[in-house]
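# Observations on the model geometry
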Amino acid sequence: MISKEDIDHLAVLARIDLSETEKKRFFKDLEEVLGYVEKLREVETEHVEPLANAVGSYNVMREDEPPQGYKGTPEGVHVKVRSVWG
Amino acid sequence: MGVGNLTAKECFENIKKSDDALHAFLDVYYDGEGKGTPIAVKDNILIEGKRATAASKMLAEYVAPYDATVIKKLRGAGAIFVGKTNMDEFAMGSSTENSAFGPTRNPHDRGRVPGGSSGGSAAAVAAGMCAAALGSDTGGSIRQPAAFCGVVGLKPTYGAVSRNGLIAMASSLDQIGPITKTVEDAKIIFDIIKGTDPLDSTTVDAKAFSIRSSGVRNNTLRVGVPEEYFGDGIDPEVKQAVERTLHCLDPKRYTLKPITLPHTKYALACYYIIMPAEVSANLARYDGIRYGYSAKEDTLFDVYTKSRDRGFGNEVKRRIILGAYVLSAGYYDAYYIKAQRVRALIKQDFEDAFKEVDVIVSPTTPTPAFKIGEKTGDPLQMYLSDVFTVPANLAGIPAISVPCGKTKSGLPIGIQFMGKWFEEETLFEVGEAIAQLLPA
């Protein structure tokens, strides 16, 4: 099932700087939860469509304008961040 | 607004008297002056110009730039906002012990939890610190604390109440709803806050959604009793109180009918895949750039990873990691898509049942309020307290918890009714009938 390398990889994907203690703990927790949710394998779902919105969804459109009260950023309309490299 | 029988001044007196001990509130605004119905608001709902922390260090300094739609509506109807209530961090938890700012205590027994994640709101209503409160419910977070605190809690139909201005947890499951002393108050608040909103594209016009019951046939309401919700693992006093209450309902008006909801035993597993997946997406925005806690680091990667490490608590991190896992390449179909298919079957169970009955009953929770610290060691144990509440969120149906008695040691017990999509009226009717059965 889940491996220690998986936790390292997930921490990078989720952009969270987990400590070694946290990685050990979450590894155990995830093993336990994933063990519990394995029971879904028993359910026959071959011809069942996945359901994302319980009451049905449809497109709602609006004008492509900034929302009311939008004040922009300290830089105007851009956001300044640290260097993307390194 | 006609909700509750407490003046704002009385609420404030009660806050002054008890909130040091109970810690239901994170921020109190109200100073005892002014007119209006005093409403407490869970701290994941935005009030313009006020702090909204979601009980997280990540948002400890965040000030809301706009009002949630429900706040605008309540203000227009004469509410004054008493303050913001404590909750589990980012609404993740069933006890309010996951708050970054300390737990809230149950007014009925201060050594016990008020439930979660809307524990502060439920405790505030129970302790007379407000006339009514708003909570949010993703897997039971209104209903379970309402049951633990002996008050009424309604999770509306998905799409009935706008989520604009609600700090998102799991977008296909979240709903804002009222926590109140009486069923009548819950209806008053619901009628004010419901409605379509162009700022929340998942809101649905109830009128367009007519599954109006054939329901009230021959003047009787058929109450479905699902065997899967009355099995093992329920505290005997809870089971007894719920069954006793049910059998007191007027048989001229209510008929009890055994039903089965066959996929019930998969609901919690389904929820604990779908919800963390949506959480991992919704909490990606807390990146130390747009708002919230920002770590002063040299590289962008470190700004992200250290802001999130320091800003988020354990349960939040756990669910983000779990969500990232079930959505990751190679696992997406086996977990996430599989869970969405099971979700469709769970919804189908309810559709089938609602051909035979008008409302479905269950205990709200398997146990009464547990002790502070009792379940914090084992995440899965904590998750199991949601077992009767998550199905309604998965299927999108409305559900209400109403007090139906107490244990011998004085802990409140809640009875839950689940209704058809957009038929909150039926829940109010049955809820009121239950309330009439109990001593004042």
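That block above? That's the structure.
Note that the structure is predicted; figures quoted are calculated from it, not measured. (Residues numbered from 1 in each chain as written. Chains lettered and ligands numbered in written order. Predicted model: local features only at pLDDT ≥ 70, side-chain atom pairs only at ≥ 80, totals over all residues. Heavy atoms only, no water.)

### A look at the overall build of chain A
Helix and strand counts for chain A stand at two helices and zero strands. The C-alpha atoms of chain A give 22 Å as radius of gyration, which overshoots the globular expectation for 86 residues (12 Å, by more than 25%). Expressed along its principal axes, the backbone C-alpha trace of chain A runs to roughly 50 × 40 × 20 Å. Residues counted as buried form 30% of the 86 residues belonging to chain A. Once the 12 positive and 18 negative side-chain charges of chain A are each reduced to a mean point, those two points are 9 Å apart. (Helix = DSSP H or I, 4+ residues; strand = E, 2+ residues; numbered from the N terminus. Rg over C-alpha atoms; globule rule 2.2 N^0.38 Å. Buried < 20%, exposed > 50% of the residue type's maximum accessible area, 1.4 Å probe, protein only. Lys, Arg positive; Asp, Glu negative; His and termini not counted. Charge placed at Lys NZ, Arg CZ, Asp CG, Glu CD.)

### Concerning the packing of aromatic side chains
Residues and elements named next belong to chain B. Applying the stated criterion across every chain yields a total of 16 aromatic pairs over all chains. Seen from their ring centres, F90 and Y286 are 4.9 Å apart, and the 50° between their planes marks the pair as tilted. Of this pair, F90 sits in the loop between β3 (79–85) and α3 (119–126) while Y286 is found in the loop between α7 (267–282) and α8 (300–311), placing the two residues 196 residues apart along the sequence. On the basis of relative accessibility, which here comes to 4%, the residue Y286 falls in the buried class. Aromatic side chains Y332 and Y336 sit 5.5 Å apart centroid to centroid with 40° between the ring planes, which places their arrangement in the tilted category. Taking relative accessible area as the criterion, Y332 reaches 34% and is therefore assigned partly exposed. Using a relative accessible area of 13% as the deciding quantity, one classes Y336 as buried. Each member of the aromatic cluster is reached from another via a ring pair, and the members are Y62, F90, Y286, Y291 and F312. (Phe/Tyr/Trp six-rings, centres within 6.5 Å; stacked < 30°, edge-to-face > 60°.)

### Describing the sheet that holds strand β11 (residues 412–419) of chain B
Residue and element names in this part refer to chain B. Pairing in this open sheet of eleven strands is mixed, and the strands run β1-β3-β2-β4-β6-β5-β10-β11-β9-β7-β8 from one edge to the other. Either end of the sheet is taken by a strand with one partner, and the two such strands are β1 (25–28) and β8 (254–259). In this sheet, neighbouring strand axes are inclined to one another by 30° on average, regardless of whether the strands run parallel or antiparallel. In the sheet, strand β7 (residues 221–226) pairs with strand β9 (residues 359–363) via two bridges, with the strands oriented parallel. For V223, the partnering residue across the bridge sits in β9 and is V359. Packing of helix α1 (residues 8–22) onto the sheet brings it into contact with β1, β2 (37–42) and β3, and relative to β1 it is tilted by some 130°. The strands that helix α2 (residues 69–76) touches are β2, β3, β4 (132–137) and β6 (175–180); relative to β3, the one it contacts most, it runs at about 140°. (Pairing = 2+ DSSP bridges. Axes fitted to C-alpha atoms, helices over the stretch in contact; angles between N-to-C directions. Contact = heavy atoms within 4.5 Å.)

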